[in-house]
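# Survey of secondary and tertiary structure
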Amino acid sequence: MTTTTHELAISATGLRKAYGDKAVLDGIDLAVPAGTVFSLLGPNGAGKTTAVKILSTLITADAGELRVGGHDLATDGQAVRASIGVTGQFSAVDGLITGEENMLLLADLHHLPKREGRRVAAELLERFDLTEAAKKPASTYSGGMKRRLDLAMTLVGDPRIIFLDEPTTGLDPRSRHTMWGIIRELVSGGTTVFLTTQYLDEADELADRIAVLSDGKLVAEGSAEELKRLVPGGHVRLRFTDPDAYQSAAVALREVTRFDETLSLQIPSGGSQRELRSILDWLDAADIEADELTVHTPDLDDVFFALTGGSKVPGQSTKPSQPKENVR
């Protein structure tokens with residue numbers, strides 16, 4: 001189904017930004033449907049933060065037709081700013097005042113009446129599990145608490161579009177998962193989230209659509225599953241403890257990669273049930289016993305490095321291979 005302009009929370013056509021001879025964004029196109037999470041994925045220096053700064057009116061583009069919240073950035077920047085919230089890479093929290101005072105300061109900046117500002121601040125502090133810490137200086141907060149306060153402050157104006165620029169960088173796993181839950185809750189309420197991240201699992205976990213940015217250009221876009229299908233590298237790995245069984249299987253199997261040190265064989269495979277059954281049937285027919293069979297399907301690690309020109313070989317995970325399915 002084609003998404004119309006009215007259904008798009010953010011759209012960009014031919015977005016360009018250069019600093020001197022360096023093109024940071026080289027004519028990229030973006031289309032973010034309302035009420036979704038859109039993730040811009042890329043290595044350091046790819047242009048992610050520049051894109052956020054332009055779309056949130058902090059800096060101007062050199063070229064491009066840009067609309068946010070239905071408003072033209074070139075002619076109606078004030079309306080864009082009224083419809084968005086931004087949580088940047090670096091916390092906007094003032095550590096010298098309390099969490100509650102940070103919230104009330106934002107309420108004043110949004111010109112909320114005093115009583116309304118206190119109500120909104122109290123509700124958001126409770127929603128982000130910060131009520132107990134509300135009267136304490138923000139400098140005493142943990143990293144996860146500061147990021148939650150940062151996002152709570154972003155929500156004071158009730159924006160329908162939120163830009164989150166690497167919101168979980170530096171957080172421990174528990175705090176990251178807490179932030180993920182908050183983001184899902186926002187989107188379920190109809191908020192659009194534009195997320196930049198270097199964490200592949202974060203994009204995989206949260207995003208409805210992912211755009212991969214490399215050297216200022218979009219090199220791929222789609223759902224996580226669509227992107228994974230772009231990259232070869234799926235395989236079945238057989239591991240043996242009996243050297244004779246290993247040798248017999250290595251000789252008989254076609255298109256197999258040997259790993260003699262670990263007595264393992266790697267067979268190209270898409271991981272389908274039919275392919276797995278065929279391998280198991282062949283082992284049974286040859287009376288060969290594999291001690292372990294694991295399946296690897298391409299993940300966003302593979303996609304990221306293949307598309308951004310990293311040194312990793314496509315199909316080879318950056319982390320230790322984990323069995324996606326243990327058949328035997």
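Here's what I pulled together on the structure shown here. Fair warning: this is a prediction, and the values are worked out from it, not measured in the lab.

### Examining helix 9 (residues 243-252)
Buried within helix 9 are the following residues: Ala245, Tyr246, Ala249 and Ala250. Buried residues in helix 9, looked at end-on, bunch into an arc of 130°, giving them a common side. More than 90 degrees from the buried face of helix 9, the exposed residues found are Asp244 and Val251. The backbone nitrogen of Asp244 lies 3.0 Å from a side-chain oxygen of the residue at the head of helix 9, namely Asp242.

### A few points about the pairing of strand 2 (residues 22-33)
Two strands pair when backbone bridges link them, and strand 1 (residues 8-19) and strand 2 are joined in this way by nine bridges, in the antiparallel orientation. Across the sheet, residue Ala18 finds its bridge partner in strand 2, namely Ala23. Between strand 1 and strand 2, which pair antiparallel and follow one another directly, the connecting turn spans two residues, one of which, Gly20, has a positive phi of 65°.

### A few points about unusual backbone geometry
With a phi close to 55°, Asp129 is a non-glycine residue in the positive phi region. One can find Asp129 in the loop between helix 4 (114-127) and helix 5 (143-154). For Asp129, a relative accessible area of 64% translates into the label exposed. The phi dihedral of Asp215 is positive, around 50°, even though this residue is not glycine. For Asp215, the position within the fold is in the loop between strand 9 (209-214) and strand 10 (217-222).

### Quick word on the pattern of salt bridges
Scanning all chains against the criterion turns up 18 salt bridges. Across the pair Arg119 and Glu116 runs a salt bridge, and its minimum N-O distance is 2.6 Å. Remark: Glu116 and Arg119 occur in helix 4; sequence separation between them is three residues, near one turn of the helix.

### Digging into the packing of aromatic side chains
Tallied over the entire structure, the rule returns four aromatic pairs. Between Phe38 and Phe194, the ring centres sit 5.6 Å apart and the planes meet at 25°, which makes this aromatic pair stacked. Highlighted residues: Phe38 in strand 3 (residues 37-41) and Phe194 in strand 8 (residues 192-197), separated in sequence by 156 residues. By relative accessible area, which is 0% here, Phe194 ends up buried. Taking 5.4 Å as the distance between ring centres and 50° as the angle between the ring planes, the aromatic pair formed by Phe163 and Phe194 counts as tilted.

### Concerning the sheet that holds strand 4 (residues 63-68)
Overall, antiparallel pairing links the four strands, which are arranged 2-1-4-5 in an open sheet. A strand with exactly one partner marks an edge of an open sheet, and here the two such strands are strand 2 and strand 5 (71-72). As judged from the two bridges shared by strand 4 and strand 5, these two strands associate in the antiparallel manner. Each bridged residue has a counterpart across the sheet, and for Arg67 the counterpart in strand 5 is Asp72. Each of strand 1, strand 2 and strand 4 is contacted by helix 1 (residues 48-55), which is oriented at about 65° to strand 2, the strand it contacts most.

### Observations regarding the sheet that holds strand 8
One open sheet holds the six strands; their spatial order is 6-7-8-3-9-10, and the pairing between them is mixed. Both outer strands of the open sheet, strand 6 (84-87) and strand 10, are each paired with one neighbouring strand and no more. When strand polarity is set aside, the average angle formed by the axes of neighbouring strands in this sheet is 15°. Note that strand 7 (residues 161-165) and strand 8 share five bridges and pair parallel. Of the residues in strand 8, the one forming a bridge with Leu164 is Leu195. Packed onto the sheet, helix 1 meets strand 3, strand 7, strand 8 and strand 9 and runs at close to 150° relative to strand 8. With respect to the sheet, helix 11 (residues 300-308) is in contact with strand 3, strand 9 and strand 10, its orientation differing from that of strand 9 by roughly 35°.

### Considering the nonpolar core
Judged by nonpolar contacts, the single largest core of 47 residues is most densely connected at Val37, Met103, Leu124, Phe128, Leu149, Leu151 and Ile210. The contact partners of Leu151, leaving out residues within four places of it in the chain, are Thr87, Phe128, Ile162, Leu164, Met179, Ile182 and Leu186. Grouped together as the second largest cluster of nonpolar side chains are 26 residues, Val24, Ala46, Val80 and Phe194 included.

### Digging into the packing of helix 3 (residues 99-109) against helix 4
Where helix 3 meets helix 4, the closest approach of the two axes is 9 Å, and the angle between their N-to-C directions is 135°. As summarised for this structure, helix 3 and helix 4 are arranged oblique, according to the angle between their axes. Taken as a pair, helix 3 and helix 4 cross one another with a handedness that is right-handed. Contacts from Glu100, Met103, Leu104, Ala107 and Asp108 of helix 3 reach helix 4 at Lys114, Gly117, Arg118, Ala121, Leu124 and Leu125. Classifying every residue of the contact of helix 3 with helix 4 by side-chain character gives six nonpolar, one polar and four charged.

### Some remarks on the environment of Val120
Its place among the elements puts Val120 in helix 4. Among all residues touching Val120, those that are not within four sequence positions of it are Leu112 and Val156.

How each quantity is defined
Residues numbered from 1 in each chain as written. Predicted model: local features only at pLDDT ≥ 70, side-chain atom pairs only at ≥ 80, totals over all residues. Heavy atoms only, no water. Buried < 20%, exposed > 50% of the residue type's maximum accessible area, 1.4 Å probe, protein only. Helix = DSSP H or I, 4+ residues; strand = E, 2+ residues; numbered from the N terminus. Arc of directions from axis to C-beta. Polar contact = N/O pair within 3.5 Å; in protein donor to acceptor, adjacent residues only side chain to side chain. Pairing = 2+ DSSP bridges. Salt bridge = Lys/Arg side-chain N within 4 Å of Asp/Glu carboxyl O. Phe/Tyr/Trp six-rings, centres within 6.5 Å; stacked < 30°, edge-to-face > 60°. Contact = heavy atoms within 4.5 Å. Axes fitted to C-alpha atoms, helices over the stretch in contact; angles between N-to-C directions. Core = buried A, V, L, I, M, F, W, Y, C linked by side-chain atoms within 4.5 Å. Parallel < 35°, antiparallel > 145°, perpendicular 65-115°, else oblique. Left-handed = near helix turned anticlockwise from the far one by under 90°. Nonpolar A, V, L, I, M, F, W, Y, C, P; charged D, E, K, R; others polar.

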